[in-house]
Amino acid sequence: MNEVFKVAKFKLRLSNRKKRILYNFMLKLTNAIADVLEIIQPLANQIEYDILKIKETKHGDKYIIDIRRLNHIVTEIVNNSGYKNYHHRERLIDEVKNNLASYFELRLRDRNPSYPVRVRVGDKKKSDELIKNYYQELISAGITENGIDEKAHEKEVELISNIIRIQKNKLQPIPFTRYRDFTIIEQGMDGETPKKIALLNVFTSKSSKEYFEKHNISKKKYSGIDISDGEDTTTSSTTKLPCILEWSLYHQLNYFNIGTPKTAKLTYDNDKNEFYLHVTFQFLPHVDEYGKLHYLKTAFDKRKTEILEANIDEGKKLKAYSCYDALTGEAINISSTNKTTQNAARETITFLGVDMGRVMLAAFAVVKDGKVLYKDYAETSSLSKTLYKIYENITELQKAGKENKKVLVLLRKKIAQITRYGVHKTANRIVWARDYYNSQLILENLTGLRSLPKKKVQQYNKLSDILTYKSQLKGFKLNTFNPPKAYYEINPSQTSKMCSKCGYTHEDNRRIEISQKDFKCVHCGYEANSDINAAINIARFGEFYFKYKDSYKDFDEYLVNLAGCTNANFTNYREERKRRRMVLDISKLLEKQIKSAKHKHNESLAVL
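Caption draft 1: Summary view of the overall build of the chain. The helix and strand tally for the chain stands at 14 helices and 24 strands. Burial analysis of the chain (608 residues in total) assigns 43% to the buried set. For the chain, restricting intrachain contacts to residue pairs at least 6 apart in sequence, the fraction spanning at least 24 positions comes to 64%.

What follows is the structure in structure tokens.
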């Protein structure tokens with residue numbers, strides 16, 4: 001089955017005592033990783049030689065990393081160091097192994113990576129010494145007796161990355177890769193907002209036992225509904241720390257209801273003194289034979305997984321997963337060869353057009369057989385005003401000098417945060433409409449439109465990327481582009497000047513010099529928001545091109561017969577504009593040639 005994974009970020013609501021526990025846990029592990037990596041650094045080349053092995057492939061032999069051998073070597077080094085009796089020795093070995101595996105893998109690909117240098121958090125003397133040494137190496141990087149070395153740039157990049165890594169001096173994020181290391185349960189009385197509690201395995205049985213005996217505390221029990229399978233559960237544990245998650249209705253609908261938590265990562269924000277848990281949820285989108293989308297959860301009990309006999313080559317058996325629909329509770333059996341999100345085509349019966357605006361980020365409309373079913377827009381004028389004020393503040397601070405460097409960094413982060421929020425909000429509304437109406441998505445092809453502000457183009461690109469992955473989660477198939485996209489693009493030329501009511505196209509329908517957002521047809525007097533009007537036209541153009549192109553000779557005939565636009569002249573207007581542009585280009589070329597000939601003639605007369 002083709003699973004889809006998505007990460008949700010939750011802030012942890014903790015007491016000061018729990019914050020101290022988590023901070024000390026992360027601090028000790030971070031410093032332990034730094035110490036072990038420092039021990040291994042002189043041995044890195046020898047370890048790389050020991051763990052390489054040859055694998056036979058269709059294209060010949062190639063070197064690969066032997067992860068088991070690497071894990072064995074790291075385990076021996078840790079056992080011979082001061083961390084032999086470290087409480088979280090297994091976690092330490094895994095983290096060091098993963099750091100080294102990534103480093104060696106990049107070296108195999110000739111990416112010239114830098115060694116994963118880490119410094120103990122709080123060891124300022126050591127970090128200053130390393131940074132000083134790296135800066136001295138940076139000054140003379142690549143300089144030899146014969147001049148500058150060809151690999152000088154690669155050496156500079158490696159040294160700078162090491163300096164940046166040391167200057168960050170942050171706590172190591174702690175992954176919980178197995179569900180037994182973290183569990184999310186729901187607690188709450190009827191009529192009250194339930195609590196979501198993450199039970200994080202941060203203690204060891206030995207240390208927790210000593211703690212409970214010292215304070216005369218019995219083993220704790222945690223009761224609630226397990227988020228993974230929705231069943232009541234009671235957990236007795238001395239190694240887990242309960243942490244309350246801050247969640248909203250958005251998380252409930254888009255993650256807890258339809259997804260299964262698989263892994264998690266604990267991070268610490270030093271500036272805010274807050275802890276965050278990044279939880280990876282697994283989604284199983286399944287489109288049945290009727291085109292209906294289901295979000296499935298696998299049965300928690302592995303004994304419910306069935307093995308079925310099927311006519312598969314080489315005598316293989318077909319595995320069937322016992323699942324249930326996360327929204328309706330309906331039981332469904334899905335075979336291992338079932339086609340899910342990326343491979344199954346969800347049937348689309350309508351077309352959704354999106355117009356990228358200058359004032360607002362986007363407007364969109366849904367049409368079926370030329371008739372408008374739904375239209376809406378994402379109002380971002382207030383957001384734009386806020387951004388422009390911040391840009392003005394940045395300009396003033398830049399003129400003042402370097403003393404405002406920290407303030408400038410914070411303002412740029414604020415701009416990124418506001419923009420990201422606006423784009424995601426717009427994308428969610430578009431994807432909701434697409435999911436509800438089973439629509440094919442049609443976007444404008446903005447390539448070559450240099451008149452657009454650079455910041456707007458960046459927002460458009462981000463919006464299209466978000467629409468792609470959010471459409472995948474809803475079961476829509478990606479189109480065969482490179483890279484794959486969840487939408488089609490059309491040429492938006494003149495779509496903003498066409499009346500969506502009568503079909504009459506004229507340049508005076510939209511007078512940008514008078515108003516950027518108002519549209520008024522000079523033929524029928526129809527008034528509307530210019531971006532919504534253009535979104536309707538884009539949706540209709542997409543429907544004509546991808547569905548009715550063979551049924552009607554041109555777009556105007558489609559508008560007259562299906563959309564009821566009796567005054568349609570779009571095709572003729574666009575062709576006339578092309579002819580006028582060609583004549584203009586030819587006249588400019590002739591004028592340029594005449595000027596060149598006159599210039600040459602004048603030069604020849606001057607010589608005579």
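Next, the rest of the story.
Caption draft 2: Quick peek at the nonpolar core. Judged by nonpolar contacts, the single largest core of 62 residues is most densely connected at Leu92 and Leu266. By residue number, the principal contributor to this core is helix α1 (residues 16-40), which donates 9 residues. Dropping the residues within four chain positions of it, Leu92 is found in contact with Leu29, Ala32, Ile33, Val36, Val78, Tyr83 and Tyr86. Tyr548, Tyr558, Leu562 and Cys565 belong to the second largest nonpolar core, which has 25 residues in total.

Caption draft 3: Structural view of the pattern of salt bridges. Summed over the entire model, instances satisfying the criterion amount to 10 salt bridges. A salt bridge links Lys485 to Glu489, with the shortest nitrogen-to-oxygen separation between them at 4.0 Å. Classification of Lys485 as partly exposed rests on a relative accessible area of 23%. Residue classification places Glu489 among the partly exposed positions, given a relative accessible area of 34%. Measuring nitrogen to oxygen at the nearest pair gives 3.8 Å for the salt bridge that ties Glu527 to Lys520.

Caption draft 4: How the structure looks around the side chain of Gln282. Looking at the element boundaries, Gln282 is found in strand β13 (residues 274-287). Take Gln282: its relative accessible area is 8%, and that puts it in the buried class. The residues touching Gln282, leaving out its near neighbours within four places in the chain, are Glu3, Val4, Phe5, Ile258, Gly259, Thr260 and Lys262.

Caption draft 5: Just a nonpolar patch on the surface, in detail. Taken together, Ile586, Leu590 and Ile594 make up a surface patch of nonpolar side chains, about 280 Å² in accessible area. Following the sequence through the fold, Ile594 ends up in helix α14 (residues 570-607). Judged by relative accessible area, which is 48%, Ile594 ranks as partly exposed.

Caption draft 6: How the structure looks around the packing of aromatic side chains. Scanning all chains against the criterion turns up 24 aromatic pairs. Plain terms: the ring middles of Tyr268 and Phe275 are 4.7 Å apart, the flat faces sit at 40° to each other, and that makes the pair tilted. Residue Tyr268 is classed as buried on the basis of its relative accessible area of 18%. Ring geometry for Phe364 and Tyr374: centres 6.3 Å apart, planes at 35°, overall tilted. With a gap of 10 residues between them, Phe364 in strand β19 (residues 362-368) and Tyr374 in strand β20 (residues 371-378) connect regions that are remote in the sequence. For Phe364, a relative accessible area of 0% puts it in the buried group. What links up through ring pairs into an aromatic cluster is the set Phe541, Phe544, Tyr548, Tyr552, Phe555, Tyr558 and Phe570. Lys196 extends its terminal NZ or CZ atom over the ring of Phe256, reaching a point 5.0 Å from the ring centre. Seen from the ring of Phe476, Arg434 lies directly overhead, with NZ or CZ sitting 4.0 Å from the centre.

Caption draft 7: Region of the structure containing the pairing of strand β10 (residues 232-237). Relative to β10, strand β9 (residues 220-226) runs antiparallel, the two being bridged by 6 bridges. Counted as the bridge partner of Ser223 is Thr234 from β10. Linking β9 to β10, which pair antiparallel, is a turn of 5 residues; within it Gly230 sits at a positive phi near 75°.

Caption draft 8: View of helix α3 (residues 67-79). The first and last C-alpha atoms of α3 sit 18 Å apart over 13 residues, in line with the 18 Å expected at 1.5 Å per residue. Within α3, burial applies to Leu70, Ile73, Val74, Ile77 and Val78. On an axial view of α3, the arc spanned by its buried residues comes to 135°, and they lie on one face. Elements in contact with the buried residues of α3: α1, α2 (44-51) and α4 (89-108). Of the residues that open α3, the one with a side-chain oxygen 3.3 Å from the backbone nitrogen of Arg68 is Asp66.

Caption draft 9: Geometry of the sheet that holds β19. If you trace the 5 strands from one edge of the open sheet to the other, you get β20-β19-β18-β21-β22, paired in mixed fashion. Edge positions in the open sheet fall to β20 and β22 (488-490), since each of these has one partner strand only. Direction aside, neighbouring strands of the sheet carry axes that sit 25° apart on average. Of the strand pairs in this sheet, β19 and β20 are connected by 7 bridges, and their pairing is antiparallel.

Cut-off values and rules
- Residues numbered from 1 in each chain as written.
- Predicted model: local features only at pLDDT ≥ 70, side-chain atom pairs only at ≥ 80, totals over all residues.
- Heavy atoms only, no water.
- Helix = DSSP H or I, 4+ residues; strand = E, 2+ residues; numbered from the N terminus.
- Buried < 20%, exposed > 50% of the residue type's maximum accessible area, 1.4 Å probe, protein only.
- Contact = heavy atoms within 4.5 Å.
- Core = buried A, V, L, I, M, F, W, Y, C linked by side-chain atoms within 4.5 Å.
- Salt bridge = Lys/Arg side-chain N within 4 Å of Asp/Glu carboxyl O.
- Patch = residues over 30% accessible without salt bridge, like charges linked within 9 Å, V, L, I, M, F, W, Y side chains within 5 Å.
- Areas by Shrake-Rupley, 256 points an atom, 1.4 Å probe, with all protein chains shown as cover.
- Phe/Tyr/Trp six-rings, centres within 6.5 Å; stacked < 30°, edge-to-face > 60°.
- Lys NZ or Arg CZ within 6 Å of the ring centre and 35° of its normal.
- Pairing = 2+ DSSP bridges.
- Expected span 1.5 Å × (residues − 1).
- Arc of directions from axis to C-beta.
- Polar contact = N/O pair within 3.5 Å; in protein donor to acceptor, adjacent residues only side chain to side chain.
- Axes fitted to C-alpha atoms, helices over the stretch in contact; angles between N-to-C directions.

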